[in-house]
Amino acid sequence: MKVLVPVKRVIDYNVKVRVKADGSGVDLANVKMSMNPFDEIAVEEAIRLKEAGKAEEIVAVSVGVKQAQETLRTALAMGADRAILVVAADDVHTDIEPLAVAKILAKVVEAEQPGLVLCGKQAIDNDMNATGQMLSALLGWSQGTFASELSVDGDHATVTREVDGGLQTIKVKMPAIITVDLRLNEPRYASLPNIMKAKKKPLDEKTAADYGVDVAPRLEIVKTAEPAARAAGIMVGSVDELVQKLKDVGAI
Amino acid sequence: MSTHSPFDSATQSPVFFDESLRMLRDQIRRFVETEIKPHADAWEAEGATPRALLRKIGDLGFFGIRYPEALGGSDLDQRATVIWAEELGRSTYSGVAITALVHTDMASVHIYNAGNDAQRAEWIPRCISGEAISAVAVTEPGAGSDVKGIATRARRDGDHYILNGAKMFITNGVLADVYCVAAKTDPEARPSQSVTMFLVEKGTPGFTVSRALDKHGWRSSDTAELRFDNARIPAANILGREGGGFYEIMKNFQNERLVLGAMCMGECQAALELTVAYLRDRKAFGAPLWDKQAIRQRLAMLSARVESCRQFIYATAARAAAGEEVVREVSMIKALAGELVNEVMYDCVQFHGGMGFMRESTIERMARDARVQSIGGGATEVMLEEVAKRM
């Protein structure tokens, strides 16, 4: 079985995000970018499937700016076999919307014929949580979202999903789209020898036009604003005082 | 504390580091954040970094940065070493950092640079995996930067050498498996021709660790005094040419000093980051201390000096990697970085107020750890003489 793992280049989760002066979005110039952490979990899961003899090949794919090549190299250094970069924007501030990404991924799936698509449940930049589901709809494939456990068994996969209030286990027919949640696994380090080997692994470059997909935005960002600053705290001397203060501000 | 700061605009720049090197930095940083920082207080208390951690580093290939692929390494150059040293320095636990850096860049390098094929094949793969940890024993109670002044003697006896003497301040002295030891083989020869390096294995009869030393800083690194009392070393264990030790030691000083400079920059970056975070939070007279211009401008100037020294190191590493001779620059870097890190720590402790004087604060440990940076691996005064000679 071939596993396709879409990965997104996003602002590193440790970076203190700053909103651009004109409010059009977040400042990404000179900012550290990394693989979306949920996508790292998807790459790790694909590698584990391969190590368990349930997958033969792992193909990582990214849709975005040319610099996403670095994100794909990370996937290759972790253990993906080859990568496909679909260049769909020139400006690092351009975010390709989930529907356009899903349409491109559907074309990649058509060309690659994977038995499984493993992706992060959402990207940490815009928190859309939509691409996997849209891809499932476009392909007419089964979907298992928010996976915290996954086992693939022939033409079925068993997915434990993290839902409000507990866990739900479902069985889906393969081929399927599985979107992964935080607790599925802990991604491995890319060892230095594997970083060096990743340089030699194939990375094909395509464009959105190659797949005939129009990536023009359908949504308009009206405004981006930083969250309100947290008010300063105070030290209280006792539990009684704490309770009183909470009552004073109407919190209890 | 955030693992990303404005200092990273240079670390992320393709002008200095290509894609693989940036990825290496990311991996080392993540390793430091998850495998070192949450656990290292215990190692500070125990006085040593555990072998289990060193094995994990070995598994990830970080000990093999400079060695050829045929021996299990990754064949990278000084730029990768700078990243390795800087990120370890950034851990805030420089005792852990120096344990690893002595192994990679001050000890095992002697085996690789001076050793023959058999010695390399026997030791380098094990040093890369972390199975064998190395130490270098040059310094003595009576000789530090003055390498020609060592008193340890090695006398030929058939196909062996008999070593007698003592070695001082030896990092990894207790926990190492293999030691690169400098001794005088021909006291009558010119001083520069009198020193020979030997490979000495732990357990060699007559070789003992006389005591573990109690240090001001670097508490998670073990440092020892070693004793050689008629220790019999096979002649096959000579590293390089008999009488060629002085030049071997001098040659590696360039790498060692660049590494210490980079380590200092990691320490500076971490100290400035955590001090700025503390000052943004800490209120006095109704406002965060960060609002005081006197404080923030002093830190701004320190960050400018750190950034310039860092980029000097990056540029020098790139030139060294291209094969250029950079003795003058490396000597400058060691002098500059070793002093600067102490100035940074002094001000960062100062701006932490009373908390900076408390054992529970990170900055207190970092200030103690930084003190040796202007002493070890070439004291500032010795480095400045090297610079002055080239003026």
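None of the values given here were measured: they were computed from a predicted structure.

Engineer: So, the overall build of chain B: which residues are in play, and what are the values?
Structural biologist: What chain B contains, in helices and strands, is 12 helices and 10 strands. Along the three orthogonal principal directions, the C-alpha set of chain B runs to about 80 × 45 × 40 Å. For chain B, restricting intrachain contacts to residue pairs at least 6 apart in sequence, the fraction spanning at least 24 positions comes to 74%. Only carbon and sulfur atoms are counted for the fraction: they give 53% of the accessible area of chain B, which is about 15400 Å².

Engineer: For the overall build of chain A, give the residues involved together with the corresponding values.
Structural biologist: Counting its secondary structure elements, chain A contains 6 helices and 11 strands. Viewed in the frame of its principal axes, chain A has a C-alpha envelope of about 65 × 45 × 40 Å. Buried positions account for 47% of the 252 residues belonging to chain A. Counting contacts in chain A only where the partners sit at least 6 residues apart, residues at least 24 apart contribute 72% of the total. Of the roughly 13000 Å² of accessible surface on chain A, 51% is carried by carbon and sulfur atoms. Each charge class in chain A can be summarised by its mean position, and for the 31 positive and 36 negative side chains these summaries are 3 Å apart.

Engineer: Residues and numbers for the UniProt feature "domain: Acyl-CoA oxidase/dehydrogenase middle" (unreviewed entry) in chain B, please.
Structural biologist: This chain's UniProt record puts "domain: Acyl-CoA oxidase/dehydrogenase middle" (unreviewed entry) on residues 135–230 of chain B. Between the C-alpha atoms that bound residues 135–230 of chain B there is a distance of 20 Å. The span itself is 0% helix and 50% strand.

Engineer: Provide a residue-level description of the side chain of T185 of chain B, including the pertinent values.
Structural biologist: Looking at where T185 of chain B falls in the secondary structure, it is placed in the loop between strand 4 (178–184) and strand 5 (195–201). Setting aside residues up to four positions removed in sequence, T185 of chain B forms contacts with A154, Y161, S194, V195, T196, F198, E242 and G243 of chain B.

Engineer: Account for the packing of aromatic side chains, with residues named and values stated.
Structural biologist: Residue and element names in this part refer to chain B. Overall, the coordinates contain 12 aromatic pairs over all chains when judged by the stated rule. Taken together, a centroid distance of 4.8 Å and an interplanar angle of 80° make the contact between Y179 and F207 edge-to-face. Of the two residues, Y179 is situated in strand 4 and F207 in strand 6 (residues 207–212); the sequence distance between them amounts to 28 residues. Across the pair, F207 and Y179 agree in class, each one buried.

Engineer: Hey, could you go over a nonpolar patch on the surface for me, with residue numbers and the actual values?
Structural biologist: Residue and element names in this part refer to chain A. A contiguous nonpolar patch, built from I234, V236, L242, L246, V249 and I252 and spanning about 550 Å² of accessible area, is present on the exposed surface. Note that V236 resides in the loop between strand 11 (203–207) and helix 6 (239–248). The class of V236 is partly exposed, set by a relative accessible area of 32%.

Engineer: Talk me through the UniProt feature "domain: Electron transfer flavoprotein alpha/beta-subunit N-terminal" (unreviewed entry) in chain A; I want residue IDs and the actual numbers.
Structural biologist: The feature "domain: Electron transfer flavoprotein alpha/beta-subunit N-terminal" (unreviewed entry), as given by UniProt, occupies residues 23–215 of chain A in the numbering adopted here. Helix makes up 30% of residues 23–215 of chain A and strand 31%, whereas the separation of the span's terminal C-alpha atoms amounts to 22 Å.

Engineer: Account for unusual backbone geometry, naming residues and giving values.
Structural biologist: Residues M174 of chain A and P175 of chain A are joined by a peptide bond in cis, for which omega reads -5°. Take P175 of chain A: it is sitting in the loop between strand 9 (166–173) and strand 10 (176–180).

Engineer: Break down the packing of helix 5 (residues 78–89) of chain B against helix 8 (residues 245–281) of chain B for me, citing the residues and quoting the values.
Structural biologist: Residue and element names in this part refer to chain B. The N-to-C vectors of helix 5 and helix 8 enclose an angle of 40°; their axes lie 7 Å apart at closest approach. In terms of their interaxial angle, helix 5 and helix 8 are classed as oblique. Classified by chirality, the crossing of helix 8 by helix 5 is right-handed. On helix 8, the residues touching Q78, T81, V82, A85, E86 and G89 of helix 5 are N255, L258, V259, A262, M263, M265, G266, E267 and Q269. Each residue belonging to the contact of helix 5 with helix 8 can be placed in one class, and the counts come to 7 nonpolar, 6 polar and 2 charged.

Engineer: Pulling in residues and values, what's your account of the pairing of strand 4 (residues 57–64) of chain A?
Structural biologist: The side chains of a regular strand alternate, first on one face of the sheet and then on the other. Residue and element names in this part refer to chain A. Among the 8 residues that make up strand 4, 7 are buried, leaving the element largely enclosed by the rest of the structure. As paired strands, strand 1 (residues 2–6) and strand 4 are joined by 5 bridges and run parallel to one another. Across the sheet, residue L4 finds its bridge partner in strand 4, namely V59.

Engineer: Give a detailed account of the interface of chain B and chain A, specifying residues and quantitative values.
Structural biologist: With 24 residues of chain B in contact, the opposing surface of chain A contributes 19 residues. Of the roughly 2200 Å² buried where chain B meets chain A, counting both sides, 55% is carbon and sulfur surface. Linking chain B with chain A are 3 salt bridges, by the criterion used here. Between D26 of chain B and K32 of chain A there is a salt bridge, and its shortest N-O distance comes to 2.6 Å. Remark: the boundary between chain B and chain A carries 9 residue pairs in polar contact (both at pLDDT 80 or more). Ranked by residues supplied to the side of chain B that touches chain A, first place goes to helix 2 (residues 19–36) of chain B with 11 residues.

Engineer: Now, about helix 11 (residues 362–370) of chain B: what can you tell me, with residues and values included?
Structural biologist: Because the α-helix completes a turn every 3.6 residues, residues three or four places apart line up on one side. Residues and elements named next belong to chain B. The buried count for helix 11 comes to 7 of 9 residues, which makes it a mostly enclosed element. Every buried residue of helix 11 is listed here: I363, E364, R365, M366, R368, D369 and A370. As for helix 11, its buried residues are in contact with helix 3 (40–46), helix 6 (94–114), helix 8 and helix 10 (327–351).

Engineer: Residue-level account of the sheet that holds strand 1 of chain A, with values.
Structural biologist: Either a parallel or an antiparallel arrangement is found when strands of a sheet pair, and the pairing is made through backbone hydrogen bonds. All names here are of chain A. If you walk across this open sheet you meet the 9 strands as 9-8-7-10-6-1-4-5-11, and the pairing is mixed. Each of the sheet's edge strands pairs with one partner strand only, and the pair in question is strand 9 and strand 11. For this sheet the average axis-to-axis angle between neighbouring strands, irrespective of direction, equals 30°. Looking at chain direction, strand 7 (residues 142–153) and strand 8 (residues 156–163) are connected through 6 bridges and run antiparallel. Note that in strand 8 the partner of V152 across the bridge is A157. Running over the sheet, helix 1 (residues 37–51) touches strand 1, strand 4, strand 6 (116–120), strand 7 and strand 10 and is turned about 145° from strand 6.

Engineer: Quick rundown of the UniProt feature "domain: Acyl-CoA dehydrogenase/oxidase N-terminal" (unreviewed entry) in chain B? Include the residues and the values.
Structural biologist: Annotation from UniProt places "domain: Acyl-CoA dehydrogenase/oxidase N-terminal" (unreviewed entry) at residues 19–131 of chain B. Between the first and last C-alpha atoms of residues 19–131 of chain B the distance is 30 Å; the span itself is 71% helix and 0% strand.

Engineer: How would you sum up helix 3 (residues 98–112) of chain A? Please name residues and give values.
Structural biologist: Residues and elements named next belong to chain A. Taking 1.5 Å as the rise per residue, helix 3 with 15 residues should run 21 Å; its terminal C-alpha atoms sit 20 Å apart, in good agreement. Among the residues of helix 3, those classed as buried are P98, A100, V101, A102, I104, L105, A106, V108, V109 and E112. The inward-facing, buried residues of helix 3 abut strand 1, strand 4, strand 5 (82–87), strand 6 and helix 4 (131–139). Downstream of helix 3 by one or two residues, Q113 has phi in the positive range, about 55°.

Calculation notes
Residues numbered from 1 in each chain as written. Chains lettered and ligands numbered in written order. Predicted model: local features only at pLDDT ≥ 70, side-chain atom pairs only at ≥ 80, totals over all residues. Heavy atoms only, no water. Helix = DSSP H or I, 4+ residues; strand = E, 2+ residues; numbered from the N terminus. Contact = heavy atoms within 4.5 Å. Areas by Shrake-Rupley, 256 points an atom, 1.4 Å probe, with all protein chains shown as cover. Buried < 20%, exposed > 50% of the residue type's maximum accessible area, 1.4 Å probe, protein only. Lys, Arg positive; Asp, Glu negative; His and termini not counted. Charge placed at Lys NZ, Arg CZ, Asp CG, Glu CD. UniProt positions renumbered as here; feature names shortened; annotations may be inferred. Phe/Tyr/Trp six-rings, centres within 6.5 Å; stacked < 30°, edge-to-face > 60°. Patch = residues over 30% accessible without salt bridge, like charges linked within 9 Å, V, L, I, M, F, W, Y side chains within 5 Å. Salt bridge = Lys/Arg side-chain N within 4 Å of Asp/Glu carboxyl O. Axes fitted to C-alpha atoms, helices over the stretch in contact; angles between N-to-C directions. Parallel < 35°, antiparallel > 145°, perpendicular 65-115°, else oblique. Left-handed = near helix turned anticlockwise from the far one by under 90°. Nonpolar A, V, L, I, M, F, W, Y, C, P; charged D, E, K, R; others polar. Pairing = 2+ DSSP bridges. Buried area = accessible area lost by both parts, 1.4 Å probe. Polar contact = N/O pair within 3.5 Å; in protein donor to acceptor, adjacent residues only side chain to side chain. Expected span 1.5 Å × (residues − 1).

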